[in-house]
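In case you want the letters, here they are:
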Amino acid sequence: MRLHTNDPDETILMARALDGDPSAREWLVQRWTPPVYRFCRRMLKNDEDARDAAQDTLVKVLKSLDRYDPTRAFSTWVFGIARNTCIDEHRRRRKRAWDEPPDVPADDPTPLQVTSEGERARQLSDALELLPPLYREVLVLYHFEHMKYCEIAETLDLPMGTVMNRIFRARRKLRDLYTDAGGEQ
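Residues numbered from 1 in each chain as written. Predicted model: local features only at pLDDT ≥ 70, side-chain atom pairs only at ≥ 80, totals over all residues. Heavy atoms only, no water.

Visitor: With reference to specific residues and values, describe the overall build of the protein.
Guide: Scanning the protein from N- to C-terminus turns up nine helices and zero strands. Reading the secondary structure of the protein in the N-to-C direction produces α-α-α-α-α-α-α-α-α. In the protein, buried positions account for 35% of the 185 residues. The long-range share in the protein, meaning contacts at least 24 apart out of those at least 6 apart in sequence, stands at 64%. Total accessible area on the protein is roughly 11,400 Å²; 53% of this is exposed by carbon and sulfur atoms. (Helix = DSSP H or I, 4+ residues; strand = E, 2+ residues; numbered from the N terminus. Buried < 20%, exposed > 50% of the residue type's maximum accessible area, 1.4 Å probe, protein only. Contact = heavy atoms within 4.5 Å. Areas by Shrake-Rupley, 256 points an atom, 1.4 Å probe, with all protein chains shown as cover.)

Structure follows, in structure tokens:
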């Protein structure tokens, strides 16, 4: 299933947004906030930072709509901006890390963790967070944002073979991390 299809209505709304139509620009924000937030959340591993990064991304998108090339996939352009925003946030975190006390996770299990399925989901999520960013980003774009290899290659400015290799290695590393965390094989 592909989430980012270019249907005729979406193409018309994009053209209107490019021309500065306020209602089309509002539609653009509503349309792209959920996938951009999900991407940022998976990359930054923190709800608050993800909300900030998603908002920053959409502000950048709106401010630079005139630089969008309509011959290319809009999703590729948006996720490229989101990726760069997440990288900037990682840099800011490193600068402020020594100023802030470390986050202390809550000891109480969430209702999701109580169930067997919730536990597997947590273990998988934890394993995903342990992946290096270069592996995590390709898995997030492919499995969660349903982008094709060619779109990922364009978004990350990488050769297609590199994307395929990273996805292969990321899946293998994720499987190993998941198994080590007590997940099923």
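Visitor: Can you tell me about helix α2 (residues 22-44), naming the residues and giving the values?
Guide: Bending of α2 peaks at approximately 40° at the position of T33, with proline P34 no more than four residues after it. K45 sits one or two positions beyond α2 and adopts a positive phi of about 60°. (Bend = angle between axes of the 7 residues up to and from the residue.)

Visitor: Help me get a handle on unusual backbone geometry, residues and values and all.
Guide: A positive phi angle, close to 60°, is found at K45, a residue other than glycine. The phi angle at H146 is positive, at roughly 55°, despite the residue not being glycine.

Visitor: Give a detailed account of the pattern of salt bridges, specifying residues and quantitative values.
Guide: By the definition in use, this model includes nine salt bridges. Here E89 ties to R92 by a salt bridge, and the two come within 3.1 Å at their closest N and O atoms. With E89 and R92 both in helix α4 (residues 74-96), this residue pair falls three residues apart, about one helical turn. Assessed through its relative accessible area of 6%, E89 is described here as buried. A salt bridge links D176 to R175; the nearest nitrogen and oxygen atoms lie 3.7 Å apart. What makes R175 partly exposed here is its relative accessible area of 45%. Bridged by salt links that share partners, the residues K60, D88 and R91 form one connected network. (Salt bridge = Lys/Arg side-chain N within 4 Å of Asp/Glu carboxyl O.)

Interpretation note: all reported values are geometric properties and have no functional meaning in isolation.
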